[in-house]
Amino acid sequence: MRHLLALDLKDDAASIAEYERQHRRIWPEIASHLRRHGVTGMEIWRLGSRMVMVMDTDDAVYDAAAMAAATENDPKVREWEQLMWRFQAPTPWTPDGQKWTAMARIFDLSAQP
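Worth saying up front: this structure is predicted, and the values here are computed from it rather than measured.

1. Brief notes about a nonpolar patch on the surface
A contiguous nonpolar patch, built from Ile106, Phe107 and Leu109 and spanning about 420 Å² of accessible area, is present on the exposed surface. Position of Leu109 relative to the elements: it lies in the segment after strand 5 (101-102). A relative accessible area of 63% places Leu109 in the exposed class.

Here it is as structure tokens:
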């Protein structure tokens, strides 16, 4: 299944550059965590300070709640998330206590005649 999520970055050129540098090669523990929880592909796109994550998952393995719980119980993943939060900011539509927020699909060409 494909998921699209949005998140903002703090609007600071140096901070954005460091965030991008951190993502050129993420920590191996983070890649392993994602794959272990059914994430089969992930891309992050940016325009200004707005980011969109495209995440593909294996429905037989992926469970968002289980992945969130595993994140809380893994010190290395928590460390990564705390580091990333230094650069990130919630969108104006992000509920309190969340980071990446699911986007709603409003158009699908394949559904068109």
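Additional details are given in the paragraphs that follow.
2. Side note on the packing of helix 1 (residues 13-24) against helix 4 (residues 75-85)
Running from N to C, helix 1 and helix 4 cross one another at 150°; their axes reach a closest spacing of 10 Å. On the basis of their axis angle, the class for helix 1 and helix 4 is roughly antiparallel. Residue-level contacts link Tyr19, Gln22 and His23 of helix 1 to Trp80, Leu83 and Met84 of helix 4. Grouping the amino acids of the contact of helix 1 with helix 4 by side-chain chemistry returns four nonpolar, two polar and no charged.

3. As for the packing of aromatic side chains
With the rule as written, the count across this model stands at two aromatic pairs. Residues Tyr19 and Phe87 carry aromatic rings whose centres are separated by 6.0 Å and whose planes lie at 65° to one another, so their mutual orientation is edge-to-face. Residue Tyr19 is located in helix 1, and its partner Phe87 is located in the loop between helix 4 and strand 4 (88-89); the two are separated by 68 residues in the primary sequence. The ring of Trp27 carries the charged tip of Lys76 above its face, separated from the ring centre by 4.7 Å.

Rules used in this analysis
- Residues numbered from 1 in each chain as written.
- Predicted model: local features only at pLDDT ≥ 70, side-chain atom pairs only at ≥ 80, totals over all residues.
- Heavy atoms only, no water.
- Patch = residues over 30% accessible without salt bridge, like charges linked within 9 Å, V, L, I, M, F, W, Y side chains within 5 Å.
- Areas by Shrake-Rupley, 256 points an atom, 1.4 Å probe, with all protein chains shown as cover.
- Salt bridge = Lys/Arg side-chain N within 4 Å of Asp/Glu carboxyl O.
- Helix = DSSP H or I, 4+ residues; strand = E, 2+ residues; numbered from the N terminus.
- Buried < 20%, exposed > 50% of the residue type's maximum accessible area, 1.4 Å probe, protein only.
- Axes fitted to C-alpha atoms, helices over the stretch in contact; angles between N-to-C directions.
- Parallel < 35°, antiparallel > 145°, perpendicular 65-115°, else oblique.
- Contact = heavy atoms within 4.5 Å.
- Nonpolar A, V, L, I, M, F, W, Y, C, P; charged D, E, K, R; others polar.
- Phe/Tyr/Trp six-rings, centres within 6.5 Å; stacked < 30°, edge-to-face > 60°.
- Lys NZ or Arg CZ within 6 Å of the ring centre and 35° of its normal.

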